[in-house]
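Notes for the structure review
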Amino acid sequence: KAGVTQTPRYLIKTRGQQVTLSCSPISGHRSVSWYQQTPGQGLQFLFEYFSETQRNKGNFPGRFSGRQFSNSRSEMNVSTLELGDSALYLCASLRDRSEETQYFGPGTRLLVL
Amino acid sequence: GIQVEQSPPDLILQEGANSTLRCNFSDSVNNLQWFHQNPWGQLINLFYIPSGTKQNGRLSATTVATERYSLLYISSSQTTDSGVYFCAGAIYNQGGKLIFGQGTELSVKP
């Protein structure tokens, strides 16, 4: 069974631009969560989508948004990029029940110049 | 919200040594998991262990849910065990929202 895939793997943007990251969960998984990892703040939860609906949300500004499609693939978008948005963005998938193991993708490294 | 505290923050071992990593939670959690982050950044699942003890080769984990802590044991460490180990948990019915500790950075010297 294929794992969680994320595209692109690396991205360089400049301040003020916007970016869209993509995540395809494990086949049959309906939940996709997004996390941001930075050296200063560690791993922080962004949001979770389940069956095309946002189920949970972390404490990030409105510049961070996401969506999920009917095939469970998810995208996250960051508008008006800031230098502090430079991070590793990880997505994870979960089958459907809450008490389950989350599986993570390889991540997208975003550098904002 | 839940606070997750991991100790120690850093650990240096000689190859062959054993180690214990600890994770404390400020409140009850459900989906407690241990991960190893490889040098490329991917989080590798080690254990899903909301309670009890599990073993996988040289690694084992124990969670005492009533006392809100979990331990990860690494025996006969190898240089390939180096990296950052994270524990994470979620509150009931919010399994997709994992709260992570700050990690333990392990370095195993040959």
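Residues numbered from 1 in each chain as written. Chains lettered and ligands numbered in written order. Predicted model: local features only at pLDDT ≥ 70, side-chain atom pairs only at ≥ 80, totals over all residues. Heavy atoms only, no water.

Here we look at the overall build of chain B
- If you tally the helices and strands in chain B, you get zero helices and 11 strands.
- Its helices and strands in sequence order give chain B the pattern β-β-β-β-β-β-β-β-β-β-β, from N to C terminus.
- The globule rule puts the C-alpha radius of gyration for 110 residues at 13 Å, and the 13 Å found for chain B is close to it.
- Its C-alpha atoms give chain B principal-axis dimensions of roughly 45 × 25 × 20 Å.
- Relative to its full complement of 110 residues, chain B shows a buried share of 47%.
- Counted over contacts in chain B with a minimum sequence separation of 6, partners at least 24 positions apart contribute 54%.
- With the model as given, the accessible surface of chain B reaches about 5300 Å², and the carbon-plus-sulfur share is 48%. (Helix = DSSP H or I, 4+ residues; strand = E, 2+ residues; numbered from the N terminus. Rg over C-alpha atoms; globule rule 2.2 N^0.38 Å. Buried < 20%, exposed > 50% of the residue type's maximum accessible area, 1.4 Å probe, protein only. Contact = heavy atoms within 4.5 Å. Areas by Shrake-Rupley, 256 points an atom, 1.4 Å probe, with all protein chains shown as cover.)

Structural notes on the pairing of strand 6 (residues 52-56) of chain B
- Taken across its five residues, strand 6 of chain B has zero buried, putting it largely on the surface.
- Taken together, strand 6 of chain B and the strand that follows it, strand 7 (residues 59-64) of chain B, pair antiparallel across an intervening segment of two residues, in which B:Gly57 is found at a positive phi of about 65°. (Pairing = 2+ DSSP bridges.)

Describing the sheet that holds strand 3 (residues 19-24) of chain A
Residues and elements named next belong to chain A.
- One open sheet accounts for four strands, arranged 1-3-8-7; its pairing is antiparallel. Every other strand in the sheet has two partners, leaving strand 1 (5-7) and strand 7 (64-68) as the edge strands with one partner each. Across the sheet, the mean angle separating the axes of adjacent strands is 20° when strand polarity is ignored.
- The pairing of strand 7 with strand 8 (residues 74-78) spans five bridges and is antiparallel. Residue pairing across strands places Gly66 opposite Met76, the latter belonging to strand 8. (Axes fitted to C-alpha atoms, helices over the stretch in contact; angles between N-to-C directions.)

Quick word on a nonpolar patch on the surface
- A contiguous nonpolar patch, built from A:Ile12, A:Leu111 and A:Leu113 and spanning about 300 Å² of accessible area, is present on the exposed surface.
- Along the chain, the position of A:Ile12 falls in strand 2 (residues 10-13). (Patch = residues over 30% accessible without salt bridge, like charges linked within 9 Å, V, L, I, M, F, W, Y side chains within 5 Å. Salt bridge = Lys/Arg side-chain N within 4 Å of Asp/Glu carboxyl O.)

Remarks on the interface of chain A and chain B
- Between chain A and chain B, the contact holds 23 residues from the first and 22 residues from the second.
- Counting each side, the surface lost to burial between chain A and chain B is near 1800 Å², with a carbon and sulfur contribution of 47%.
- Across the chain A-chain B interface, the total number found is zero salt bridges.
- Elements supplying a minimum of two residues to the side of chain A that touches chain B: strand 4 (31-38), strand 5 (42-50), strand 6 (53-57), strand 9 (87-94) and strand 10 (103-104) of chain A. (Buried area = accessible area lost by both parts, 1.4 Å probe.)

As for the sheet that holds strand 3 (residues 19-25) of chain B
Residue and element names in this part refer to chain B.
- The strand order across the open sheet built from five strands is 1-3-8-7-6, with neighbouring strands paired in antiparallel fashion. Only two strands of the sheet have a single partner each, and these edge strands are strand 1 (4-7) and strand 6. Within the sheet, the average angular offset between the axes of one strand and its neighbour, ignoring direction, is 15°.
- The pairing of strand 3 with strand 8 (residues 69-74) spans six bridges and is antiparallel. Paired with Cys23 across the two strands is Ser70, which belongs to strand 8.

Nothing here speaks to function; it is geometry throughout.
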